[in-house]
Amino acid sequence: MAIYDVIVVGAGIEGSSTAYQLAKQGKRTLLLEQFPLPHSRGSSHGQTRITRKAYGELEYYTVMMKEAFPLWETLERESGRKIFRKTGMLAVGSGDAFTRGTVPCLHRHGIPHRVLDYHQIKQLYPMIEYPRDYTFVLDDSAGILMADKALLSYQETFRRFGGELRDGEKVLDIIPGDTVGVRTSSHHYRTHSVVLTVGAWATKLLPKLQLTLPLKVLRISVLYWREKVAGRYGADKFPTFYEMKAVDNYAVFGSPSEEYPGLVKICLHWGPEVDPDSRDKADDSWVIDKMKRYIARHFPELEAEPAIAETCMYTMSPDTDFILDRHPSWRNIIIGAGFSGHGFKIAPVVGKLLTELALNKSPSYDMTKFRIQRFQHNAKL
Ligand SMILES: Cc1cc2nc3c(=O)[nH]c(=O)nc-3n(C[C@H](O)[C@H](O)[C@H](O)COP(=O)(O)OP(=O)(O)OC[C@H]3O[C@@H](n4cnc5c(N)ncnc54)[C@H](O)[C@@H]3O)c2cc1C
């Protein structure tokens, strides 16, 4: 049996980006996905994701985003698809850590941004209403990524670089060793190292490797609200936005009417905890109720009821930082997990880091924030 250099398990955006980087470096790479592709059961489906360099006080993500932007451009060139659209991102809030931390951080990194007051905001975006004492910060470099196109582009380009992608093949067991065994629903493979980027299913696969991380899977309601006047919140007029402490301390984010004509995506950054295999059983009526009140207060030119509700999942770590590390007992088992609802935009850099770990190279960034070790008091290692 031939031995792969690396097997990547899970073809969401993090696994697909990792597999692409490995194949691009000429490594014999297999990417395995449990569901037939494309699918909408994980965290990477849908038409758009917000991308930005504004990251509040979390400067290490701003630094990673400075590399992510040109890496997305590389993928655009290689795939021939337009993936990024610039819209800007408006952070709104009253003295929260995000608006407070964003300005000095963007300033330090020379990233174009504007701090606006209520009157300036009303001139620029008369279709929103926030309190007069709020702070408004516009990250001019931000925009939206065409998520489905980005995912497909990584997978197609991976194949073009010689990678093998097998979908509809669930990984059942990982057998550690000098070479790692990977047993799926239909095959048994061997590889020098394995990267596990299984999204919400990390809660199911990792315990089989004696690793239980404090991850929480949330069902997120992706809500689309109809414009009273079509085009009012179009991408040429309205930015993406983020309010950190919008509703009972939960954040709210949104993007212009781009995905479905006349509909604006505005969502709560939280939801009920679920099992990823029975995601749709959870009751999310409280999310819809909270969001209806938010829309009535801040978006007077949208209709009061959501027109469409779709579903996605977050895999939250307790500190919302990613987990990018080796298994504590086996160096050739690499884990990328806990992307906590903000991992799409950074996927090119995540893929680069997971590739470096899989190939036993020193990572290009300080990995302290992403280590499993930080959960040592909670995790059953
Ligand atoms: C509503 C919503 C809005 C978001 N907005 C943003 C945003 O604006 N900006 C941003 O940066 N991020 C955003 N995110 C977060 C981002 O989308 C996620 O962090 C990212 O998609 C996580 O990707 P993943 O590859 O880890 O997970 P997934 O996409 O879930 O991929 C994991 C894959 O592994 C497969 N798998 C699992 N178990 C197995 C197995 N045993 N064998 C084989 N395959 C397996 C799954 O089927 C799945 O395809 C948002 C997420 C949601 C839900």
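About the criteria used
- Residues numbered from 1 in each chain as written.
- Predicted model: local features only at pLDDT ≥ 70, side-chain atom pairs only at ≥ 80, totals over all residues.
- Heavy atoms only, no water.
- Near = heavy atom within 4 Å.
- Polar contact = N/O pair within 3.5 Å; in protein donor to acceptor, adjacent residues only side chain to side chain.
- Areas by Shrake-Rupley, 256 points an atom, 1.4 Å probe, with all protein chains shown as cover.
- Helix = DSSP H or I, 4+ residues; strand = E, 2+ residues; numbered from the N terminus.
- Nonpolar A, V, L, I, M, F, W, Y, C, P; charged D, E, K, R; others polar.
- Pairing = 2+ DSSP bridges.
- Axes fitted to C-alpha atoms, helices over the stretch in contact; angles between N-to-C directions.
- Contact = heavy atoms within 4.5 Å.
- Salt bridge = Lys/Arg side-chain N within 4 Å of Asp/Glu carboxyl O.
- Buried < 20%, exposed > 50% of the residue type's maximum accessible area, 1.4 Å probe, protein only.
- Phe/Tyr/Trp six-rings, centres within 6.5 Å; stacked < 30°, edge-to-face > 60°.
- Lys, Arg positive; Asp, Glu negative; His and termini not counted.
- Left-handed = near helix turned anticlockwise from the far one by under 90°.
- Domains from an automatic or database assignment.
- Buried area = accessible area lost by both parts, 1.4 Å probe.

**Remarks on the site of the ligand**
Right, on to step 1. E33, H39, S44, I50 and C312 are the nearest of the 35 residues found near the ligand.
Right, on to step 2. The side chain of Q34 places a nitrogen or oxygen atom 2.9 Å from an oxygen atom of the ligand.
Right, on to step 3. Here a nitrogen atom of the ligand and a backbone polar atom of V171 are 2.9 Å apart.
Right, on to step 4. For the ligand, whose free accessible area comes to 1000 Å², the fraction covered by protein is 96%.
Right, on to step 5. Counting residues per element, the shell around the ligand draws most heavily on strand β17 (residues 302–316), which supplies three residues.
Right, on to step 6. Grouping the amino acids of the shell around the ligand by side-chain chemistry returns 17 nonpolar, twelve polar and six charged.

**Some details on the sheet that holds strand β16 (residues 263–268)**
Right, on to step 1. Strand order in the open sheet formed by eight strands is β6-β7-β5-β14-β15-β16-β13-β17, and the pairing between neighbours is mixed. Only two strands of the sheet have a single neighbouring strand rather than two, namely β6 (113–116) and β17. Adjacent strand axes in the sheet meet at a mean angle of 20 degrees, parallel and antiparallel pairs treated alike.
Right, on to step 2. Strands in contact with helix α7 (residues 285–298) are β13 (216–227), β14 (240–247), β15 (250–260), β16 and β17; relative to β16, the strand with the most contacts, it is inclined by about 120 degrees.

**Overview of the pattern of salt bridges**
Right, on to step 1. Following the criterion strictly, the structure yields 22 salt bridges and no others.
Right, on to step 2. Between R166 and E164 there is a salt bridge, and its shortest N-O distance comes to 3.1 Å.
Right, on to step 3. Residue classification places R166 among the partly exposed positions, given a relative accessible area of 26%.
Right, on to step 4. Classification of E164 as partly exposed rests on a relative accessible area of 25%.
Right, on to step 5. Between D280 and R279 there is a salt bridge; the shortest N-O distance is 3.2 Å.
Right, on to step 6. Connected through shared salt-bridge partners, R28, E164 and R166 make up one network.

**Structural notes on the packing of aromatic side chains**
Right, on to step 1. One pass over the structure, following the stated rule, counts 27 aromatic pairs.
Right, on to step 2. Look at W72 and F344: their rings are 6.1 Å apart centre to centre, the planes differ by 5 degrees, and that puts the pair in the stacked class. Residue W72 is found in helix α2 (residues 59–79), and its partner F344 is found in the loop between β19 (333–337) and α8 (347–358); the two are separated by 272 residues along the sequence.
Right, on to step 3. Under the relative-accessibility criterion, W72 is labelled buried at 3%.
Right, on to step 4. Of the residues examined, F344 reaches a relative accessible area of 6% and is grouped as buried.
Right, on to step 5. On the basis of an interplanar angle of 85 degrees and a centroid distance of 6.2 Å, the ring pair of F238 and F299 is categorised as edge-to-face.

**Side note on the side chain of E169**
Right, on to step 1. Checked against the element boundaries, E169 lands in the loop between β9 (164–166) and β10 (171–175).
Right, on to step 2. Summary of buried charges: E169 has no salt-bridge partner, and the nearest side chain of opposite charge, R166, is 4.6 Å away.
Right, on to step 3. Within polar-contact distance, the side chain of E169 engages the side chain of Y189 at 2.7 Å.
Right, on to step 4. Excluding residues that lie within four positions of it along the chain, E169 makes contacts with L32, E33, Q34, T184, S185, S186, H187 and Y189.

**Details of the packing of α2 against helix α5 (residues 147–160)**
Right, on to step 1. Across the interface, α2 lies against α5 with an axial gap of 10 Å and an inter-helix angle of 65 degrees. Along this stretch, α2 crosses α5, giving a crossing that reads as left-handed. Note on element contacts: α5 touches α2 through A150, S153, Y154, T157 and R160, opposite W72, L75, E78 and S79.
Right, on to step 2. The residue inventory of the contact of α2 with α5, partitioned by class, reads four nonpolar, three polar and two charged.

**Here we look at unusual backbone geometry**
Right, on to step 1. In this structure, P38 follows L37 across a cis peptide bond, with omega equal to -5 degrees.
Right, on to step 2. Structurally, P38 can be placed in the loop between β2 (29–32) and β3 (48–51).
Right, on to step 3. Despite not being glycine, S340 shows a phi value in the positive range, around 50 degrees.
Right, on to step 4. The residue S340 is located in the loop between β19 and α8 in this model.
Right, on to step 5. Using a relative accessible area of 2% as the deciding quantity, one classes S340 as buried.

**Quick word on the sheet that holds strand β8 (residues 143–146)**
Right, on to step 1. One open sheet accounts for three strands, arranged β3-β8-β4; its pairing is antiparallel. Strands at the two margins of the open sheet, each flanked by one partner only, are β3 and β4 (84–86). Each neighbouring strand pair of the sheet contributes to a mean axis angle of 30 degrees, computed without reference to strand direction.
Right, on to step 2. Against the sheet, α5 makes contact with β3 and β8, and its axis sits at roughly 50 degrees relative to β8, the strand it touches most.

**A look at the domain arrangement of the chain**
Right, on to step 1. Here the chain is described as being made up of domain 1 (3–45 + 148–211 + 318–375) and domain 2 (89–140 + 216–316).
Right, on to step 2. Between the C-alpha centres of domain 1 and domain 2 there is a distance of 30 Å.
Right, on to step 3. Counting residues at the interface gives 16 residues for domain 1 and twelve residues for domain 2.
Right, on to step 4. Interface area, domain 1 with domain 2, both sides summed: about 1200 Å², of which 50% is carbon and sulfur.
Right, on to step 5. Among the residues domain 1 hides against domain 2, the three largest losses belong to A200, K204 and S340. Together they make up 32% of the total.
Right, on to step 6. Taken together, domain 1 and domain 2 are joined by nine residue pairs in polar contact (both at pLDDT 80 or more).
Right, on to step 7. Grouping the amino acids of the side of domain 1 that touches domain 2 by side-chain chemistry returns four nonpolar, ten polar and two charged.

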